[in-house]
Amino acid sequence: MGLVQWLKGQFLCTLIICYGFLVSGLLVNLLQICTLPLWPINKQLARRINCKLGYSLTSQSVALLEWWSGTEVTFYTDPANYQIYGKENAIIVLNHNFEIDFLCGWTFCDRFGVLGASKCLAKKELSYLPVIGWMWYFLEMVFIKRKWEEDKRSFVQSLQNLRDYPENFWFLLHCEGTRFTEEKHQISMKVAEKKGLPKLKHHLLPRTKGFWVAVQNLRGTVAAVYCCTLNFRNNETPTLLGVINGKKYHPDLYIRRIPLESVPEDEAECSSWLHKLYQEKDQFQEDYSQTGCFPGPVVTPPRGPWALINWIGWTCLLLYPLYLLLVQLVNSGSILTILATVGFCSAVSVGVRWMIGQTEIKRSSSYGVPLN
């Protein structure tokens, strides 16, 4: 291990990275709150401003993955479709097997210029949390309580709100409803057996109702479904902590573009279509485990500098007052100042550990959520 890699693994670096993310997130939230008076006057302008503010926060995670840890996502896709990505609205169907699959999804969005406007399905509780939750609220993420009778109206309304969105957006769906674990897989395959469905080896049974409702409400707005299958070379088990510590991973992402007209409108037929899609995804994963690659040519969209520039800018802006505080601390020798600094660092440390903990596979939700 080289000196640079060793330094990246030190907790001080972790603390600085997460301090920058948390504090910049709170400042972004404050700026988003300042856009509230603009919404009734010029809704589309408010949306565009919030897209830029959202990008300034989420792109820090992309910079962390690509520039800090050196992780480069390899994209497998049809070159003809490659020319379309980023120029149309789409529903992204991504498998949910890894702790950093959301980072790889964000990287995909960033490479094609839709990161700031990307959407996802998220738990309602997250909307009350500062930084990510509040940012998502202003970005009009689709929040659910995972109780279909309560969610149906708000889910449909949130999707309808996106019909006049001023930016191209991608709506990310983890149709499995929760992250893959062996325990959940066993439960899921018991459900498949009861329903007479083919068993999957690398995925949970997809939740079809949420997908069908999304497709029905976004017809005429969304042009295609992007079926994305993610895996990591050499049986790597990536973690967010590993990325923060500068560890390099090797993800491969296979993308298929499916025109939305190919998705049946009837709920039962759409359900069968989605199950068939996941059977195909499962076969792709099985082939990957044998060959170490996905089918189709590799394309390499250019890695833009903006995520890195934004990250460096926020880091410099926020480290300067921290430096002044430390200088004042040394010069004053005040017990009160020292205790306040220790308390602040402790709070940041707790926040860091909590955020990292939320990405761990063992902390994912249980299998059996509604929307099926």
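First things first, this report covers the structure right here in the doc. Keep in mind that this is a model prediction, so the values were computed, not measured.

## As for the overall build of the protein
Check the secondary structure of the protein and you find 13 helices and eight strands. Scaling as 2.2 N^0.38, a compact globule of 372 residues should have a C-alpha radius of gyration of about 21 Å, and the protein matches this with 21 Å. Across the 372 residues that make up the protein, the buried fraction comes to 52%. For the protein, the exposed surface amounts to about 17600 Å²; the carbon and sulfur share of it is 61%.

## Section: the environment of Leu53
Residue placement: Leu53 occurs in helix α3 (residues 43-68). Of the residues examined, Leu53 reaches a relative accessible area of 14% and is grouped as buried. Not counting chain neighbours up to four residues away, the residues in contact with Leu53 comprise Val28, Leu31 and Gln32.

## Looking at the sheet that holds strand β6 (residues 224-232)
Ordered by their spatial adjacency, eight strands build an open sheet running β4-β3-β5-β2-β6-β7-β1-β8, and the pairing between neighbours is mixed. Both outer strands of the open sheet, β4 (142-144) and β8 (298-299), are each paired with one neighbouring strand and no more. Bridging between strand β1 (residues 74-76) and β8 involves two bridges; their strand directions are antiparallel. Following the sheet pairing, Phe75 is matched in β8 by Val299. This element, helix α5 (residues 101-111), spans β1, β2 (90-94), β5 (170-173), β6 and β7 (251-259) of the sheet and lies at about 130° to β6. Each of β2, β6 and β7 is contacted by helix α11 (residues 267-291), which is oriented at about 30° to β6, the strand it contacts most.

## Remarks on the environment of Met189
As for its placement among the helices and strands, Met189 is situated in helix α8 (residues 182-195). Among the residues examined, Met189 registers a relative accessible area of 6% and is labelled buried. Separated by 16 residues in the primary sequence, Met189 and Leu205 place their C-alpha atoms 7.2 Å from one another. Once you skip the residues sitting within four places of it in the chain, Met189 turns out to touch Lys199, Leu200, His203 and Leu205.

## Some points on α3
Over its 26 residues, α3 extends 36 Å from the first C-alpha to the last, a length consistent with the 38 Å expected when each residue adds 1.5 Å. Of all the bends in α3, the greatest measures close to 30° and is centred on Leu57. At the exit of α3 stands Gly70, carrying a positive phi of roughly 75°.

## Remarks on unusual backbone geometry
In this model, Glu140 sits at a positive phi of 60°, which is unusual for a non-glycine residue. Turning to its location among the elements, Glu140 is positioned in the loop between α6 (132-138) and β4.

## Considerations on the environment of Leu159
Within the element layout of this structure, Leu159 appears in helix α7 (residues 148-161). Put simply, Leu159 and Lys190 are 31 residues apart on the chain and 32 Å apart in space, counted from C-alpha to C-alpha. If sequence neighbours within four positions are ignored, Leu159 has contacts with Val142, Phe171, Val213, Ala214, Asn217 and Leu218.

Thresholds, definitions, all that
- All chains use their own residue numbering, which begins from 1 and follows the written sequence.
- Local features in a predicted model are, by the rule used here, given only for residues with pLDDT of at least 70; side-chain atom pairs are given and counted only at 80 or more, and totals for whole chains, interfaces and linings are based on all residues.
- Note: side-chain values were computed over all heavy atoms of the structure, leaving out hydrogens and water.
- Strands are runs of DSSP state E lasting at least two residues, helices are runs of H or I lasting at least four, and both sets are numbered from the N terminus onward.
- In this treatment the radius of gyration is a C-alpha quantity, and the globule benchmark scales as 2.2 Å times the residue count to the 0.38 power.
- Only protein chains enter the accessibility calculation, which uses a 1.4 Å probe. A residue is then buried if its area is under 20% of the maximum for its type, exposed if over 50%, and partly exposed in between.
- Residue exposure ignores everything except the shown protein chains as possible cover, and the areas themselves are Shrake-Rupley values with a 1.4 Å probe.
- Contact definition: two residues touch when any of their heavy atoms are within 4.5 Å.
- At least two DSSP bridges between two strands are required for those strands to pair.
- Fitted lines through C-alpha atoms serve as axes, helices being fitted only where they are in contact, and the angles separating the N-to-C directions of these axes extend from 0 to 180 degrees.
- Expected helix span is taken as 1.5 Å per residue step, with the number of steps being one fewer than the number of residues.
- One fitted axis covers the seven residues ending at a residue, a second covers the seven starting there, and the bend at that residue is the angle between these axes.

Take it as geometry only, folks, not as evidence of what the structure does.
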